[in-house]
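Observations on chain architecture
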Amino acid sequence: METFTIEGGRPLSGTLRIQGAKNAALPILAAAVLAEGQFHIYDAPHLKDIEVMIEILSALGAKAVHADGCVSLDTTSISVTHVPDDLMGQMRSSIFLMGPLLARFGEVTISRPGGCAIGERRIDLHLSGLSALGAKIEEVEGYITFRATQLRGTNIFLSFPSVGATENIMMAAVYAKGTTRICNAAREPEIVDLQNFLNAMGARIRGAGTDTIEIDGVSSLRAVSYRVIPDRIVTGTHMLAAGIAQGHIELTNTIPEHLTALIEVVRSCGVEIKTHHDIMEIKSTARPNAIDRIITSPFPGFPTDLQAQMMVFLAQARGTSVIKETVFEGRFKHVNELARMGASIYVDLGTAFIRGVDRLSGAAVEATDLRAGAALVLAGLGAEGTTVVEEVCHIDRGYERLDWQLQQLGANIVRKT
Ligand code: UD1
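Residues numbered from 1 in each chain as written. Predicted model: local features only at pLDDT ≥ 70, side-chain atom pairs only at ≥ 80, totals over all residues. Heavy atoms only, no water.

1. Considering the layout of surface pockets
Note the threshold: Using only the protein atoms, space was sampled on a 1 Å grid; points where a 1.4 Å probe fits but cannot get out form cavities, open sets with protein on both sides within 12 Å along at least five of seven lines form pockets, and lining residues are those with an atom within 4 Å of a point. Grid points are joined across faces, edges and corners, and a volume is the space filled by probe spheres set on the points. Helix numbers and strand numbers start at the N terminus; a helix is a DSSP run of H or I with at least 4 residues, a strand a run of E with at least 2. In this entry, domain limits derive from an automatic or database-based domain assignment.
Considered as a void within the structure, the second largest pocket measures approximately 240 Å³ in volume. Taken together, 14 residues line the second largest pocket, and the ones lying closest to its centre are Arg-17, Gln-19, Asp-43, Glu-400 and Trp-404. Going through the elements one at a time, β2 (12-17) and α13 (402-408) are the ones with two or more residues in the lining of the second largest pocket. There are two domains that each give the lining of the second largest pocket at least three residues, and those are domain 1 (3-19 + 230-416) and domain 2 (22-225).

So this is what it looks like as structure tokens:
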């Protein structure tokens with residue numbers, strides 16, 4: 001079991017280039033099964049989830065190599081349409097293969113993805129979307145099979161703007177006959193990136209980034225080379241790290257427009273943020289001010305994936321702040337761990353009340369999921385003394401060696417095996 005040992009209290013300084021976005025790279029890799037040929041996907045981060053996706057693609061018959069941030073993927077010999085159970089169980093994002101495999105081969109079988117540490121994660125919107133396009137869905141003993149000789153474009157209304165369902169429906173609809181319109185679509189930047197990738201392959205999609213996406217079906221797509229957008233959650237994590245540990249850092253390969261909600265909030269707490277093209281400069285010299293309330297919500301609202309890191313930032317603020325989590329229930333697992341470090345947080349009905357303390361103190365804590373784990377690392381940077389974060393395997397799912405990234409910014413953090 002690997003751990004991070006962090007000596008807190010050292011201000012950050014230096015420059016870091018932000019990795020490519022995991023949540024953009026995963027659907028893009030799945031979408032590659034829509035065409036035959038040789039793809040090059042640049043800035044695909046070296047993460048466990050990406051490696052699992054590559055293993056799944058290989059099990060389906062593709063040839064894939066991931067080296068120096070580029071996935072070279074030959075999809076010509078894909079023939080299998082059953083996503084292997086063991087790999088399906090390792091990563092929820094394997095459900096991204098439903099839409100593209102169904103679209104290309106007329107059939108796909110998956111096992112139902114299991115639960116998850118951050119709450120129940122349903123797939124009903126994925127299923128009803130594919131069904132509306134004409135797929136026949138059969139569920140037998142935990143296996144779900146989708147079949148369709150020809151999908152047909154239609155209007156699909158999502159009762160919640162689910163990121164994954166929007167992406168799955170987009171990928172399924174590219175070969176559908178006629179036009180598909182997704183209403184109340186998710187507007188996340190990763191969906192725009194998927195649209196750009198599919199359009200580069202020859203698809204005809206418009207509207208990503210708004211709540212209505214239209215997809216005109218086409219009859220063929222081609223393999224392409226493509227660069228994935230920078231990871232806005234990793235960018236936000238480092239912005240908050242600088243706010244927590246204080247100091248002055250520069251982040252390159254960023255898209256500040258993807259972080260408007262966070263930038264607004266962090267600035268209002270007293271952190272100086274300057275943006276210039278793809279560069280962000282973050283300067284913090286004092287304890288932040290508290291904030292009345294933050295409500296997580298789909299993009300462009302405050303991202304649920306930065307809620308835990310934001311809570312750590314506010315745990316040492318001057319005054320009391322409120323955070324309401326509306327996207328995933330059960331996403332406050334970090335609260336108990338933060339209490340061990342001296343934080344004063346009370347949770348009731350999906351809302352956390354955070355009374356800022358002068359300083360957290362180092363402790364042994366456990367990463368329960370990806371973002372909660374990153375938050376505990378940030379807490380360690382700001383705390384007095386030594387913090388040991390256990391179960392860092394969760395953090396490695398989304399951050400390309402977070403320990404190395406923070407060392408580039410001058411943090412005292414060591415990985416121990
Ligand atoms: C994606 C991100 C994840 C992020 C989340 C919300 C990827 C790989 N992951 O996850 O990091 O935290 O967006 O920004 O991109 N829901 C349903 N039925 C469905 C699908 C979702 O009820 O069929 C609910 C979920 O239970 C949850 C909410 O919708 O409460 C948001 O889920 P969704 O937007 O689908 O998130 P993911 O695509 O799973």
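Structure shown, so let's carry the discussion forward.
2. Quick notes on the pairing of strand β18 (residues 320-324)
Spelled out, the test is: Exposure classes here rest on a 1.4 Å probe applied to the protein chains alone. A residue is buried below 20% of its type maximum, exposed above 50%, and partly exposed in between. Strands were regarded as paired on the criterion that DSSP finds at least two bridges between them. The path from the first strand over the helix to the second decides the hand: if it runs clockwise while the strands point away from the viewer, the crossover is right-handed.
Across the two faces of β18 the burial differs, with Ser-321 and Ile-323 buried and Thr-320, Val-322 and Lys-324 not buried at all. Here 2 bridges tie strand β17 (residues 294-295) to β18, and the two strands are oriented parallel to one another. Paired with Ile-294 across the two strands is Ile-323, which belongs to β18. For the crossover that starts at β17, traverses helix α10 (residues 307-315) and ends in the parallel β18, the hand is right-handed. Summarising the sheet, β18 and strand β20 (residues 351-355) pair through 5 bridges and their orientation is antiparallel. From the neighbouring strand, Val-322 faces β20, where its bridge partner is Phe-353.

3. What about the site of the ligand?
Short version of the rule: We call a residue near a given molecule or strand whenever any one of its heavy atoms falls within 4 Å of it. Pairs of N or O atoms within 3.5 Å make up the polar contacts considered here, provided that, within protein, one atom can donate a hydrogen while the other can accept it, and that residues adjacent in sequence are counted only when both atoms are side-chain atoms. Throughout, the Shrake-Rupley method with a 1.4 Å probe supplies accessible areas, and for residues the shown protein chains are the sole cover considered. Residue type decides the class: Asp, Glu, Lys and Arg count as charged, Ala, Val, Leu, Ile, Met, Phe, Trp, Tyr, Cys and Pro as nonpolar, and the leftover types, Gly among them, as polar.
Near the ligand you find 19 residues, and of these Asp-124, Leu-125, Ser-162, Asp-305 and Val-327 are the closest. Taking Leu-125, its main chain carries an N or O atom lying 2.7 Å from an oxygen atom of the ligand. Interatomic distance of 2.8 Å between a backbone N/O atom of Val-163 and an oxygen atom of the ligand. Summarising the interface, the protein chains cover 87% of the accessible area of the ligand, which totals 740 Å² for the free molecule. Of all elements in the fold, only α5 (124-132) and α6 (163-173) reach the threshold of two or more residues within the shell around the ligand. Of the residues forming the shell around the ligand, the biggest block, 3 residues, is contributed by α5. Among the residues forming the shell around the ligand, the class breakdown is 6 nonpolar, 6 polar and 7 charged. Residue-level mapping places the shell around the ligand at the junction of two domains, with at least three residues from each of domain 1 (3-19 + 230-416) and domain 2 (22-225).

4. Some thoughts on the packing of aromatic side chains
Worth spelling out the cut-off: Each Phe, Tyr or Trp ring, with Trp reduced to its six-membered ring, pairs with another whose centre is within 6.5 Å; inter-plane angles below 30 degrees give stacked pairs, above 60 give edge-to-face pairs, and intermediate values give tilted ones.
This structure, assessed with the given rule, holds 3 aromatic pairs. Both rings, one in Phe-197 and one in Tyr-226, keep their centres 5.4 Å apart while their planes meet at 70°; by these two values the pair is edge-to-face. Taken together, the residues span a long stretch of sequence, with Phe-197 in helix α7 (residues 189-200) and Tyr-226 in strand β13 (residues 225-227) at a distance of 29 residues. Judged by its relative accessible area of 0%, Phe-197 falls in the buried class. According to the relative accessible area criterion, Tyr-226 is buried, its value standing at 12%. Taken together, the ring pairs connect Phe-39, Phe-197 and Tyr-226 into an aromatic cluster.

5. Details of the sheet that holds strand β4 (residues 63-67)
To summarise the sheet geometry, strands pair through backbone hydrogen bonds and adopt either a parallel or an antiparallel arrangement. How we decide: To get an axis, fit a line to the C-alpha atoms, keeping to the stretch in contact for a helix; angles then go from 0 to 180 degrees between the N-to-C directions. A contact between two residues is defined here by any heavy atoms of the two lying within 4.5 Å.
Read across the sheet, 4 strands follow the order β4-β5-β3-β13 without closing on themselves; strand pairing throughout is mixed. The open sheet has two edge strands, β4 and β13, and neither has a second partner. The mean inter-strand angle of the sheet, taken between neighbouring strand axes irrespective of direction, is 15°. The pairing of strand β3 (residues 38-42) with β13 spans 3 bridges and is classified as parallel. Bridged to Tyr-42 within β13 is Arg-227. Of the strands in this sheet, β4 and β5 (70-74) are in contact with helix α2 (residues 48-59), which crosses β4 at around 160°.

6. Overview of the environment of Arg-222
Along the chain, Arg-222 turns up in the loop between β12 (212-216) and β13. Linking Arg-222 and Glu-36, residues 186 residues apart in sequence, is a C-alpha distance of 6.7 Å. Among all residues touching Arg-222, those that are not within four sequence positions of it are Ala-35, Phe-39, Ala-200, Met-201 and Gly-202. In terms of polar contacts, Arg-222 uses its side chain to reach the backbone carbonyl oxygen of Ala-200, at 3.4 Å.

7. Remarks on helix α12 (residues 370-382)
Applied cut-off: Working rule for helices: expected span equals 1.5 Å times residues minus one.
Compared with an ideal rise of 1.5 Å per residue, which puts 13 residues at 18 Å, α12 spans 19 Å between its outermost C-alpha atoms and is within 8% of the ideal. Extensive coverage of α12 is indicated by the burial of 13 of its 13 residues. One side-chain oxygen of the residue at the start of α12 lies 3.2 Å from the amide nitrogen of Arg-371, identifying that residue as Asp-369.

8. What about the domain arrangement of the protein chain?
Spelled out, the test is: The buried area of a pairing is the accessible area, by a 1.4 Å probe, that goes missing from both parts when the two are put together, added over both.
Taken as a whole, the protein chain is organised into domain 1 (3-19 + 230-416) and domain 2 (22-225). Spacing between the C-alpha centres of domain 1 and domain 2 amounts to 31 Å. Taken residue by residue, the interface counts 24 residues in domain 1 and 21 residues in domain 2. The junction of domain 1 with domain 2 conceals about 1800 Å² of combined surface from both sides, 50% of it contributed by carbon and sulfur atoms.

9. Describing the environment of Ala-379
Relative to the elements of secondary structure, Ala-379 occurs in helix α12. For the pair Ala-379 and Met-311, spaced 68 residues apart in the sequence, the C-alpha separation amounts to 9.5 Å. If near-sequence neighbours (up to four positions away) are discounted, Ala-379 is found in contact with Val-312, Leu-338, Met-341 and Leu-360.

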